[in-house]
Amino acid sequence: MGRGKLRIYLGAAPGVGKTYAMLSEAHRRVERGTDCVVAFVEHHDRPRTEVMLHGLEQVPRMELEYRGGVFTEMDVEAVLRRAPAVALVDELAHTNVPGSRNDKRWQDVEELLAAGVDVVSTVNIQHLESLGDVVESITGVRQRETVPDEVVRRADQIELVDMSPPALRRRMAHGNIYKPDKVDAALSNYFRPGNLTALRELALLWVADRADEYLTEYRSEHRVSRIWGSRERIVVGLTGGPEGRTLIRRAARLAEKGAGGEVMAVYIARSDGLTSASPKELAVQRTLAEDLGGTFHHVVGDDIPASLLDFARGVNATQIVLGSSRRKTWQYVFGPGVGATVARESGPDLDVHIVTHEEVAKGRGLPVARGARLGRSRIIWGWAVGIGGPVVMALLLNAVDLGLANDMLLFLAVTVAAALLGGLLPALASAAFGSLLLNYFYTPPLHRLTVADPENIVAIVVFVGVAVSVASVVDLAARRTHQAARLRAESEILSFLAGSVLRGETSLEALLERVRETFGMESVALLERAGDVDPWTCAGSAGPAPATRPEDADVDMPVGDHMALALSGRVLPASDRRVLAAFAAQAVVVLDRQRLQHEADQAKELAEGNRIRTALLAAVSHDLRTPLAGIKAAVSSLRSDDVAWSEEDSAELLEGIEDGADRLDHLVGNLLDMSRLQTGTVAPLFREIDLDEVVPMALLGVPEGSVDLDIPESLPMVAVDAGLLERAVANLVENAVKYSPFGERVLVAASAIADRVEVRVVDRGPGVPDDAKDRIFAPFQRYGDAPRGTGVGLGLAVARGFAEAMGGTLNAEDTPGGGLTMVLTVRAAGRRPAPAARSAAAERQAS
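Residues numbered from 1 in each chain as written. Predicted model: local features only at pLDDT ≥ 70, side-chain atom pairs only at ≥ 80, totals over all residues. Heavy atoms only, no water.

### Side note on the overall build of the protein
A count of helical and extended segments in the protein gives 25 helices and 24 strands. Within the protein, buried positions represent 42% of all 847 residues. Partitioning the contacts of the protein with sequence separation of at least 6, the portion at a separation of at least 24 is 69%. For the protein, the accessible surface area stands at approximately 44700 Å², while carbon and sulfur atoms represent 55% of it. (Helix = DSSP H or I, 4+ residues; strand = E, 2+ residues; numbered from the N terminus. Buried < 20%, exposed > 50% of the residue type's maximum accessible area, 1.4 Å probe, protein only. Contact = heavy atoms within 4.5 Å. Areas by Shrake-Rupley, 256 points an atom, 1.4 Å probe, with all protein chains shown as cover.)

So, in C-alpha cells, the structure goes:
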C-alpha cells in the first residue's frame with residue numbers, strides 16, 4: 001500500500017471556517033461513496049460546526065489523565081485498526097497530552113499517511129514554525145504550538161480558507177467563534193483589524209509562494225522554457241555604471257503597477273575578470289535594490305546578452321530593464337550593443353525597456369592606458385621602437401635590396417619588438433607607420449602611396465593583421481600577468497589577515513602600520529563616533545599627522561555606521577578598495593578584541609579582589625572567632641566576683657589570654673602580608689646576613705622540643721630581607737609542626753648548592769600527592785582534614801610570596817620514608833636578584 005495523501009485547509013486566524021470547509025469536503029466524499037471517518041474534530045461548541053458532524057462516522061477518542069484532569073486525544077491505534085480511506089484530523093499543530101502515542105498531532109498524521117490513509121487537516125498560518133517571530137511581532141503573542149513548515153509544504157493540496165477582517169470580526173461579535181464572555185477581549189486584542197489584515201496578507205503570500213514552487217517544479221519537469229507571465233518579474237541589467245540606480249528605481253515603479261511584482265537586479269561579469277565595475281558602486285546598487293524590496297544577483301558570463309537572457313528565462317521573468325548605451329557613436333562600428341541584441345533576441349515572451357539616463361553616449365569610462373601595467377620605462381622604449389624602429393629599418397633596407405617579402409618580415413620583427421616592450425598602442429603605431437613605409441619605399445610603384453600589384457595589397461594587409469594580433473596577445477599576456485601578480489599579492493595579504501585572526505594578534509597599531517606599508521600611505525587612522533552627529537575620535541593610528549575626520553582623508557573606508565578607516569597620502573584605485581575593506585574589517589575586530597580583553601582583565605581583577613575579600617571575611621568571621629571567644633571567656637572569668645580564683649587558675653586563664661592574643665597576632669599578620677602581596681607593595685630590603693641569625697628567630701612560635709635545627713657554620717651568607725625570610729621560615733615550620741604526628745620532630749636543615757642556599761623544612765606527616773603540591777600554595781587552602789580554627793590557609797601562600805619577592809623559590813617535595821619537605825631556596829651573598837626578577841615575582845603575586 002502506498003503513502004496516503006494529505007490535504008490541508010489553511011486559514012489566517014481562528015474562525016475563518018477551516019473546520020467547516022473540511023467537514024463539507026467530508027460530506028461530499030461520503031456522498032461519492034468514499035470511506036471517510038472523523039478521527040478528531042473539535043467543534044469548540046460552535047453550533048454550525050457541530051451540525052456538520054452529523055452523518056459522519058467518528059472514531060472514539062482515548063481518554064488520558066493528566067494533573068488531576070481527564071483529557072481526550074485522537075486514538076491513532078483505533079484509526080489504524082479501522083483503516084478508512086480518508087480520515088479527518090483537525091488542528092494539525094496541536095500538542096498532545098503527555099502520555100499520548102506521539103508528542104505532536106502532526107506526528108500522528110504522519111503515521112496515518114505512512115499506513116496509506118488519506119488525511120484532511122486544518123492549520124492556521126500563525127502555527128507555522130518559520131513564521132513564529134513574524135506573528136509575535138504582529139500580534140504580540142508567541143505561539144507555543146507550531147508545526148514544521150516542511151510538513152505543510154509536503155501536503156498534496158493546500159487550500160486557503162479566506163475571509164476579510166471586517167467579516168471575521170462580525171462573526172466574532174455575533175458569538176459564532178468564541179463564547180460571549182470572551183468576545184470583547186478578543187476583538188480588542190488578537191482580533192484587531194490591523195492584526196487580522198497582516199495575518200491575512202501573510203497567509204496569501206505563503207500560499208502564493210507555494211503556488212510559485214508548484215509552477216517552477218512543473219516547468220522544470222516538463223522542460224518548459226517559454227516564459228509564463230503568471231506574475232511580473234522584472235530583471236534589471238546592470239553594468240556597474242552610475243546609471244544603475246536610475247534603472248533600479250524605474251524597475252521598482254514598474255513592479256508596483258502589477259500585483260506581486262518582483263525586481264531582480266543582475267550584474268554579469270566576464271569570466272576572465274579583466275573588465276570589472278566599481279565594487280563600491282555595485283555595493284550601493286545592491287543596497288538600493290534590497291531597500292526597494294528586490295534582490296541582487298552576480299552572474300559570470302562572456303556573452304553578456306545571452307547570459308542576461310538565460311538568467312531572465314531561468315527566473316521566469318516577464319520584463320527586462322536596460323539603460324541606453326553609454327557608447328559613443330563611432331563605437332557602434334564594433335557591434336549593435338547589449339541593449340539592441342537583447343531586444344532582438346528576447347522573443348515575444350520578454351518585454352525589453354530601454355531607459356534613458358544622464359550617462360547616455362558619454363563613453364563607458366573604461367581604463368584606456370592598459371600599457372601602464374607594463375611600467376613607464378617599457379612604455380617609453382616601446383614607443384621609441386614603434387616609431388623610430390621603422391625609420392631605422394627603412395634607412396637600412398634602402399642600402400640593401402632583400403625583396404618585398406624579407407622587407408615585410410623585418411618590419412614585422414620591429415612591430416613585434418614594439419609589442420613586447422610597450423604593449424598594444426606602440427605596436428599599432430609601429431604597424432601603421434611600417435605599412436606606410438613599406439608602401440612608399442618598397443611596393444611598386446615606388447615613392448607613391450599607391451599599390452599596383454593586388455598581391456602586394458594582400459601582403460600589406462596580412463602584415464598589419466599579424467602585427468595587430470601579436471600586439472594584442474602581448475598586451476593580453478601583460479595584463480593577465482599583472483592580474484595574477486595582483487591576485488597573488490591580495491591572497492598574501494588576506495592570508496596574513498586570516499593568520500592574524502587565528503594567532504589571536506591584538507595589536508591595532510601593528511595592523512594599521514601594515515595597512516600604511518601595504519598601500520604606501522603617509523598615515524592611517526581608525527576613527528569612530530557614538531552617533532551620527534557626534535564628533536569623531538581616533539581609536540588608533542599609524543604614521544605622522546593622521547586624519548581626524550573621514551572627509552579630511554584621501555581615502556575613506558566606512559566600517560559599519562559609526563566607524564571608518566581614514567588613509568592620507570594618495571588616492572587609491574577602486575581595485576584596491578576590496579583589500580582595504582578586509583583590512584578595515586580586521587581593524588575593527590582587533591579593536592573589539594582589545595576592548596574585550598581589557599574588560600576581561602578588569603573583570604578578572606574584580607573577581608579576584610572579590611574572592612580575596614570574601615575569603616578574608618570568612619576567615620575573620622570563623623577562624624578569628626575561636627581565639628576571640630577564648631580571650632573573652634578568660635577575661636570575663638577573671639572579672640567575675642562570683643568565683644574566687646586561685647593563683648594557679650588565674651595564671652592559667654592569663655596564659656590562655658596570651659595564647660589567644662598570639663594566635664590573633666599571627667593570623668592578622670598573615671592577612672596583612674597576603675594583602676601586601678596581592679597589591680604588589682612588598683619591597684624587600686636586602687642585606688647580607690647569616691642564616692643562623694634568622695632561622696632560630698623563626699622557631700620562637702612553635703612548642704619547645706618539636707624542631708631539630710641543622711645549620712652548618714660553613715654556609716655562605718645570604719642576600720635577603722631578614723624580616724621576610726623569618727616570616728617565611730616561621731610559616732613553613734608552623735605548617736610542618738601542625739601536620740607532624742605526635743612525638744615526631746620537624747627537621748630544619750640548610751645547605752649550599754652552587755650560588756644558592758637551600759633551607760629544608762622536613763616533616764613526617766601524611767604528605768601531599770603530586771597533583772596537589774602546587775595547590776597548597778594558593779591562598780585560603782587547607783589540605784586534607786586540617787581542623788577549622790587552626791589558620792586561614794595563608795601560611796604557605798605568604799611564604800612563597802615572600803620567597804619570590806626576594807628572588808628565591810619555594811617548592812614542595814616528598815620526604816623519603818613519608819612526609820613532606822618544603823625547600824626554600826635563596827641566593828648566596830654577592831648574587832642579589834635583578835630588579836626585573838623582583839618585579840616579576842611581585843607581578844605573579846599580584847595576579
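### Some remarks on a nonpolar patch on the surface
A cluster of nonpolar residues, Trp 383, Ile 387 and Leu 425, forms a patch on the protein surface that exposes about 280 Å² of accessible area. Its place among the elements puts Trp 383 in helix α14 (residues 376-399). Exposure remark for Trp 383: the relative accessible area of 37% places this residue in the partly exposed category. (Patch = residues over 30% accessible without salt bridge, like charges linked within 9 Å, V, L, I, M, F, W, Y side chains within 5 Å. Salt bridge = Lys/Arg side-chain N within 4 Å of Asp/Glu carboxyl O.)

### Thoughts on the pattern of salt bridges
The full count for this structure, using the stated rule, is 25 salt bridges. Put simply, Arg 82 and Asp 35 hold a salt bridge, and the shortest N to O gap is 2.8 Å. In this pair, Arg 82 sits in helix α3 (residues 76-82) while Asp 35 sits in the loop between α1 (18-31) and β2 (36-40), placing the two residues 47 residues apart along the sequence. On the basis of relative accessible area, Arg 82 is assigned to the partly exposed category, the value being 28%.

### Overview of the packing of helix α15 (residues 404-422) against helix α16 (residues 424-442)
Viewed as axis vectors pointing N to C, α15 and α16 meet at an angle of 160 degrees, and their least axial separation amounts to 8 Å. With respect to α16, the axis of α15 lies roughly antiparallel. You can see that α15 and α16 cross each other, and the crossing is right-handed. Of the residues in α16, those touching α15 at Leu 404, Asp 407, Met 408, Phe 411, Val 414, Thr 415, Ala 418, Ala 419 and Gly 422 are Leu 424, Pro 426, Ala 427, Ser 430, Ala 431, Gly 434, Leu 437, Leu 438 and Tyr 442. In terms of residue class, the contact of α15 with α16 is built from 13 nonpolar, four polar and one charged. (Axes fitted to C-alpha atoms, helices over the stretch in contact; angles between N-to-C directions. Parallel < 35°, antiparallel > 145°, perpendicular 65-115°, else oblique. Left-handed = near helix turned anticlockwise from the far one by under 90°. Nonpolar A, V, L, I, M, F, W, Y, C, P; charged D, E, K, R; others polar.)

### What about a negative patch on the surface?
Together, Glu 647, Glu 648, Asp 649, Glu 652, Glu 655, Glu 658, Asp 659, Asp 662 and Asp 665 give the surface a local cluster of negative charge. Inspection of the secondary structure puts Glu 647 in helix α21 (residues 647-679). (Lys, Arg positive; Asp, Glu negative; His and termini not counted. Charge placed at Lys NZ, Arg CZ, Asp CG, Glu CD.)

### Some remarks on the nonpolar core
Counting residues in hydrophobic clusters, the biggest one holds 60 residues, and the most contacted among them are Met 74, Leu 88, Leu 92, Leu 112, Ile 125, Val 147 and Trp 206. Take this core: its biggest share by element is six residues, from helix α9 (residues 193-221). Apart from residues no more than four positions distant in its own chain, Leu 112 is found in contact with Met 74, Val 76, Val 79, Leu 80, Ala 87, Val 89, Val 117 and Val 119. If you look at the next biggest cluster of nonpolar residues, it comprises 45 residues, including Ile 689, Val 702, Leu 725 and Met 806. (Core = buried A, V, L, I, M, F, W, Y, C linked by side-chain atoms within 4.5 Å.)

### Regarding the environment of Val 720
Tracing the chain through its elements places Val 720 in strand β20 (residues 718-720). Not counting chain neighbours up to four residues away, the residues in contact with Val 720 comprise Leu 685, Phe 686, Arg 687, Ile 689, Leu 725, Met 806 and Val 826.

### A short note on the sheet that holds strand β1 (residues 6-11)
An order of β3-β2-β6-β7-β1-β8 is seen for the six strands of this open sheet, with the pairing classed as parallel. For this open sheet the edge positions go to β3 (57-58) and β8 (157-161), each flanked by a neighbour on one side alone. The pairing of β1 with β8 spans five bridges and is classified as parallel. Across the sheet, residue Tyr 9 finds its bridge partner in β8, namely Glu 159. Relative to β1, α1 is tilted by about 145 degrees, and along the sheet it contacts β1, β2, β6 (86-89), β7 (118-124) and β8. Here helix α4 (residues 105-114) sits on the sheet in contact with β1, β2, β6 and β7, set at roughly 180 degrees to β6. (Pairing = 2+ DSSP bridges.)

### Observations regarding unusual backbone geometry
Although it is not a glycine, Arg 67 adopts a positive phi angle of roughly 50 degrees. Here Arg 67 lies in the loop between β4 (62-66) and β5 (69-73). Assessed through its relative accessible area of 77%, Arg 67 is described here as exposed. A positive phi angle, near 55 degrees, is found at Glu 91, a position not held by glycine.

### Here's the deal with the environment of Val 97
Mapping Val 97 onto the fold places it in the loop between β6 and α4. By relative accessible area, which is 12% here, Val 97 ends up buried. C-alpha of Val 97 to C-alpha of Phe 71: the two residues are 26 residues apart in sequence and 7.4 Å apart in space. Apart from residues lying up to four places away in sequence, Val 97 is in contact with Leu 64, Tyr 66, Phe 71 and Glu 73.

### Observations concerning the sheet that holds strand β23 (residues 809-814)
Within the open sheet, the five strands sit side by side as β19-β21-β22-β24-β23. Their pairing is mixed. Either end of the sheet is taken by a strand with one partner, and the two such strands are β19 (707-710) and β23. Averaged over neighbouring strand pairs, the angle between their axes works out to 20 degrees when direction is ignored. Relative to strand β24 (residues 820-827), β23 is paired through six bridges, and the arrangement is antiparallel. Along β24, the bridge assignment pairs Leu 810 with Leu 824. Across the sheet, helix α23 (residues 722-739) lies against β19, β21 (746-753), β22 (756-762), β23 and β24, angled at about 170 degrees from β24, the strand it touches most. Along the sheet, helix α24 (residues 795-805) contacts β23 and β24; its crossing angle with β23, the most-contacted strand, is approximately 130 degrees.

### Considerations on the packing of aromatic side chains
Inspection of every chain in the model, using the stated rule, returns one aromatic pair. Between the NZ or CZ atom of Arg 61 and the centre of the ring of Phe 40, over which it lies, the distance is 4.0 Å. Positioned above the aromatic ring of Phe 777, the side-chain terminus of Arg 800 is 3.9 Å from the ring centre. (Phe/Tyr/Trp six-rings, centres within 6.5 Å; stacked < 30°, edge-to-face > 60°. Lys NZ or Arg CZ within 6 Å of the ring centre and 35° of its normal.)

### A look at the confidence of the model for the protein
In the predicted model, the protein carries a mean pLDDT of 77, and 77% of its residues have values of at least 70. Per-element confidence in the protein is highest for β6, whose mean pLDDT is 94, and lowest for helix α25 (residues 835-846), whose mean pLDDT is 37. The model gives residues 364-372 a pLDDT under 50, and that stretch makes seven contacts with residues more than four places away or in other chains. Every residue in residues 785-792 is under pLDDT 50, and counting partners more than four places away or in other chains gives 19 contacts. (pLDDT = per-residue confidence, 0-100.)

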